[in-house]
Each structure stands twice: as structure tokens, then as C-alpha cells.
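Okay, here's what each chain looks like letter by letter:
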Protein chains: 2
Amino acid sequence: MAERRQSPMSQALNEARAAAELGEVPVGAVLVDGNGGEILGRAHNRVEALRDPTAHAELLVISAVAQRLGLKRLAGADLYVTLEPCPMCAAAVSFARLRRLYFGAYDPKSGGVEHGPKIFSHSTCHHRPEVVGGLEETQCAALLRTFFAARRPG
Amino acid sequence: MAERRQSPMSQALNEARAAAELGEVPVGAVLVDGNGGEILGRAHNRVEALRDPTAHAELLVISAVAQRLGLKRLAGADLYVTLEPCPMCAAAVSFARLRRLYFGAYDPKSGGVEHGPKIFSHSTCHHRPEVVGGLEETQCAALLRTFFAARRPG
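Presented here is a report on the structure given in the accompanying data block. Residue positions are given per chain, counting from 1 as you read along its sequence in written order. Here the convention is simple: chains get letters from A, ligands get numbers from 1, in the order in which they are written. Per-residue local features of the predicted model are confined to residues with pLDDT of at least 70, and side-chain atom pairs are confined, for both listing and counting, to 80 or more; whole-chain, interface and lining totals are unaffected and use all residues. Side-chain measures were taken over the full set of non-hydrogen atoms in the model, leaving aside hydrogen atoms and water.

1. Brief notes about the sheet that holds strand S5 (residues 130-133) of chain B
Residue and element names in this part refer to chain B. In this scheme, strands are said to pair when DSSP sees at least two bridges between them. Helix and strand definitions follow DSSP, with helices as H or I runs of at least four residues and strands as E runs of at least two, each counted in order from the N terminus. Taken in spatial order, the five strands make up an open sheet running S2-S1-S3-S4-S5, and their pairing is mixed. In this open sheet, the two edge strands, each paired with only one partner strand, are strand S2 (39-44) and S5. Averaged over all neighbouring strand pairs, the angle between strand axes comes to 15°, with direction disregarded. Sheet topology note: the strand S4 (residues 100-105)/S5 ladder contains four bridges and is parallel. Residue Tyr 102 lies in a different strand from S5, and its bridge partner there is Val 132. Whether two residues are in contact is decided by their heavy atoms, any of which lying within 4.5 Å being enough. Geometry is summarised by axes, namely lines fitted to C-alpha atoms with helices restricted to the contacting stretch, and by angles between N-to-C directions that run from 0 to 180 degrees. Here helix H6 (residues 137-151) sits on the sheet and contacts strand S3 (77-83) and S4; the angle it forms with S4, its principal contact strand, is near 55°.

Listed below in C-alpha cells is the structure:
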């Protein structure tokens, strides 16, 4: 019951915490039906578990939900992710025709939405979601900071 | 025997032709061990078959080979793909630390290497492969042109 009432970003944060406990970079993502708010799927980063450099939370949840629903375009869906997507995942958001992208922490080093290649800003990007950055940013960023601080040598 | 002597790009073209026969946009990719030339894996676009907007040839072959070898970085590997990768796949090439990217046709509309976000040109891109574009370009482009011409109404 309690879990059902959590906001999508809180649920994405739960996914990120689960990733950290498994030694994965703590990023979590939740895909939501924009009409009605049903959770369509959730995932966390699994690069280490799968030994797969493409196994980012966003890509995993988009791929799994699309395949399960048999829909290569998820036009009414919104993605909540704890970190600004990298260029790979931002492009996947565009291909999936997601309606909105909500992300938590900004990622100046590797992000691809507000930083670097700014995937949605080019005329070669054929679908741009609405983007809301900085949602529950403090918690999302703290989780990443704690994870990397614990792994720093010395 | 004959197949073994084919160049990697010819094998990628075979993958692309197989995709076309299945009604998929004809793009094929082959991953090769840069030292020795062993074929590590091959894939074609499977967006329609899987109903998955992320199921591009490059992403599928990188993911499959990395998972099979248990290596999240494929540092000595070279990718041959019949079309300039989109931003999603270009970023995956970078994450996988591939040594070289050879592509066939240029893609001004949706490419992410020489066009649009030019994934490898940003300081937020942490690994840049060597890039060789235009390999067997005529054949690669013709395959795509024929595919789309046959689907145009009227």
C-alpha cells in the first residue's frame, strides 16, 4: 500500500538504492502511463551484473516495456530517472516517443540532455519530449555522491 | 568457406539484406576482434520483430557480445555497420570502448557521428573510436534507397 502512494521519482530512487546495494552506479528509472499514472515498468542500472555497457536503467525499462506491450512507440508515457540521461538513453527516449522526461540530478560530466551533445536540440532529433530536470535533485545527487565517495581510494 | 573470406562490411551487408527481407529497415552490423579479425558477433535491425525502439543492429551486437564474453568493455574490437550510427548507437560504441567504427552510408537525416549531435566531438564523450565513414557506401546506400522506394505510397 505504502509503495503505491510513492511518487514515481521516489520509486526511481528506490531502484537506484537497490542498484547501489548491488555495486552498480545508483541510477533508477520508472516508466509511467501519463494518463492515469499506472507504473508500466521500472529498472536500475545493470552494467556490472550483465557485463553490458548498454544496460542503463532508462534503456532497460524502455526496451522491456515496449517489448512487453508490443509497442515500439510509447507515446503517452513519461520517464522518471534519477540522473540526467546520457546521450544513448536520451536518444532512446526520443525513439520511443515518450511524452515527458523527468530527471533528478544534473550530470555535467556525462549527461546528454542539458550537457554535451544535448540530444533533443538538433534538427536530426525527430521527437522531443517535454523535459523537467532537477526533480528531487538533492536526494538523487546525494545517492550518487555517497556511492562514489565510498569507492574512492584512500 | 566463401562466407569466411568475405570482408566484415560484406557480412554486415548480408545482415542488412536479411533485415530487409523481414521488413526491417536494412541496417546490419558486425563486431570484429581487431587483432586477428575473428567475427565476434553480428546483428541486424530488429525494431519491428521485437517491437523495441532500441533494437538497432549496433546496440544488439554490442550488448550480445559484451554479455557473452562477460566484458563490459570491448577495447580491441571494431564495429562495421552499413549506416552511420544514430546518437544512441554512437554513444554505445563509446561506452563499449570500441577501437574503430567503420560505417557505410552517411545519414544526414538521423546520423549522430558526422551529423546532428556528433557524439564523439564533445568533451563529455569519454572514449572516441577511430572513425572511417563511407566504406562500401554505394551498396549500403542503395540497399536503403531500394527499401524505402518500395514502401513509398503511389
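2. Quick word on unusual backbone geometry
Residue and element names in this part refer to chain A. The phi dihedral of Arg 97 falls on the positive side, at around 60°, and the residue is not glycine. Assignment of secondary structure puts Arg 97 in the loop between helix H5 (87-95) and strand S4 (100-105). Among the residues examined, Arg 97 registers a relative accessible area of 21% and is labelled partly exposed. The backbone phi angle of Lys 118 is positive, close to 40°, even though this residue is not glycine. You can see Lys 118 is positioned in the loop between S4 and strand S5 (130-133). Per-residue accessibility, obtained with a 1.4 Å probe over protein chains only, is compared with the maximum for each type, and a residue is labelled buried under 20%, exposed over 50%, and partly exposed between these values.

3. Overview of the sheet that holds S4(A)
Residues and elements named next belong to chain A. The mixed open sheet is built from five strands, whose spatial order is S2-S1-S3-S4-S5. Looking at the sheet topology across the chains shown, the edges are occupied by strand S2 (39-44) and S5. Looking at each pair of strands side by side, their axes are set apart by 15° on average, direction ignored. Pairing geometry for strand S1 (residues 28-33) and S2, over five bridges, is antiparallel. Its bridge partner lying in S2, Val 32 is registered against Ile 39.

In short, geometric facts, not functional conclusions.
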